[in-house]
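Listed below, chain by chain, are the residues.
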Amino acid sequence: MLHSHLRMSGRWSLRPRGEQRNGKPWLVLRGERVEGVLWNGPVLQLHTRGLERLGPDLLERPPRIDAMLDRLRAADGTLWFGESLLDQSLIAGIGNMWLAETLWEAGLSPWRRLRDVPHEDRRRALETAARLMRAAVDGGRSPGRRVYRRAGQPCPRCRTQIRSFGQGDANRLTYWCPACQAGDDPPRA
């Protein structure tokens, strides 16, 4: 297994294979038509440990949505929905950007307790994430960002100001539209 953690400075990009680039990437993974390029990745490891702890991969063909739903059903219901989708032991592959864009696209709040999110909404979130992520991988390009890193800007759908707030034990910034993605307000500690 190849494990990379971007921390705050790294980034992956998908580009057409052989495209000119400036600088020296940390890693280039070449496919038939596209290549994944890792820039400034502070953590890069190759190992097999930990694979058994990962949930089903959202980019599998086809994604095992029912297995993911089973894991969500067995998870701690007091988790915030957004936090549960970031938990790689439940669903492998969703990071902050995909969480924000997926839940905005699906019209779901990251600030609902998992126990309060109906099965149909969970399924819609997972199917939306799989569709968006697969389109980005197959198309070799990053998606347009509607809410991710756009706090304070108007929502493209309703013009309400996009908000951000740290979520979960890792305090990862979550971005959402409080009008289009109605849910609880984030806790104020």
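Quick caveat, the model's predicted, so the values are computed rather than measured. (Residues numbered from 1 in each chain as written. Predicted model: local features only at pLDDT ≥ 70, side-chain atom pairs only at ≥ 80, totals over all residues. Heavy atoms only, no water.)

(A) Region of the structure containing the pairing of strand 3 (residues 27–30). Sheet analysis places strand 3 next to strand 4 (residues 34–39), joined by four bridges and oriented antiparallel. Looking at the pairing, leucine 29 lines up with glycine 36 of strand 4. Connecting strand 3 to the antiparallel partner strand 4 that follows it, the hairpin turn spans three residues. (Pairing = 2+ DSSP bridges. Helix = DSSP H or I, 4+ residues; strand = E, 2+ residues; numbered from the N terminus.)

(B) Quick look at unusual backbone geometry. Here the amide bond leading from arginine 61 into proline 62 is cis, since omega sits at -10°, within 30 degrees of zero. Examined against the element boundaries, proline 62 turns out to sit in the loop between strand 5 (43–46) and helix 1 (65–74). Even without a glycine there, the phi angle at arginine 149 is positive, about 60°. Counting through the fold element by element, arginine 149 comes out in the loop between helix 4 (119–139) and strand 6 (163–167). With a phi angle near 75°, arginine 159 is a residue other than glycine that sits in the positive phi range. Its location among the elements puts arginine 159 in the loop between helix 4 and strand 6. Judged by relative accessible area, arginine 159 falls into the exposed class, the value being 56%. (Buried < 20%, exposed > 50% of the residue type's maximum accessible area, 1.4 Å probe, protein only.)

(C) Structural view of the packing of aromatic side chains. Taken as a whole, this structure holds four aromatic pairs when the rule is applied. Arranged with centres 5.9 Å apart and planes meeting at 70°, the rings of tryptophan 111 and phenylalanine 165 form a pair that is edge-to-face. Remark: phenylalanine 165 occurs in strand 6 and tryptophan 111 occurs in the loop between helix 3 (96–106) and helix 4; sequence separation between them is 54 residues. Classification of tryptophan 111 by relative accessible area gives buried; the value is 1%. Geometrically, the ring pair formed by tyrosine 148 and tyrosine 175 is edge-to-face, given 5.3 Å between the ring centres and 75° between the ring planes. Of this pair, tyrosine 148 sits in the loop between helix 4 and strand 6 while tyrosine 175 is found in strand 7 (residues 172–176), placing the two residues 27 residues apart along the sequence. In this pair, the class of tyrosine 148 matches that of tyrosine 175, namely buried. An aromatic cluster is present here, built from Trp80, Trp111, Phe165 and Trp176 joined pairwise through their rings. The ring centre of tryptophan 80 lies 3.7 Å from the NZ or CZ of arginine 113, which sits over that ring. Just above the ring of tryptophan 104 sits the side chain of arginine 157; from NZ or CZ to the centre is 3.8 Å. (Phe/Tyr/Trp six-rings, centres within 6.5 Å; stacked < 30°, edge-to-face > 60°. Lys NZ or Arg CZ within 6 Å of the ring centre and 35° of its normal.)

(D) Region of interest: the environment of arginine 64. As for its placement among the helices and strands, arginine 64 is situated in the loop between strand 5 and helix 1. Classification of arginine 64 by relative accessible area gives partly exposed; the value is 44%. On a C-alpha basis, the gap between arginine 64 and isoleucine 91 in space is 9.7 Å, while along the polypeptide they are 27 residues apart.

(E) Quick peek at the state of the cysteines. Tallied over the full model, the rule gives zero disulfides. The cysteine cysteine 158 is free of any disulfide, with cysteine 177 supplying the nearest cysteine sulfur at 3.5 Å. Cysteine 158 gets classed as partly exposed once you look at its relative accessible area, which sits at 31%. (Disulfide = S-S within 2.5 Å.)

(F) Geometry of the pattern of salt bridges. Inspection of the entire model under this criterion finds 14 salt bridges. In this structure, arginine 146 and glutamate 101 form a salt bridge, with 2.9 Å as the shortest nitrogen-oxygen distance. Linking arginine 146 in the loop between helix 4 and strand 6 with glutamate 101 in helix 3, this pair joins segments that are 45 residues apart in sequence. A residue is classified by how much of its surface remains accessible, and arginine 146, at 22% relative accessible area, is partly exposed. Using a relative accessible area of 1% as the deciding quantity, one classes glutamate 101 as buried. We note a salt bridge from glutamate 127 to arginine 123, for which the minimum N-O separation is 3.5 Å. Here arginine 123 and glutamate 127 lie together in helix 4, a separation of four residues that amounts to about one turn. A relative accessible area of 41% means that glutamate 127 is categorised as partly exposed. When salt bridges with common partners are traced through the structure, they connect Glu101, Glu105, Arg131 and Arg146 into a single cluster. (Salt bridge = Lys/Arg side-chain N within 4 Å of Asp/Glu carboxyl O.)

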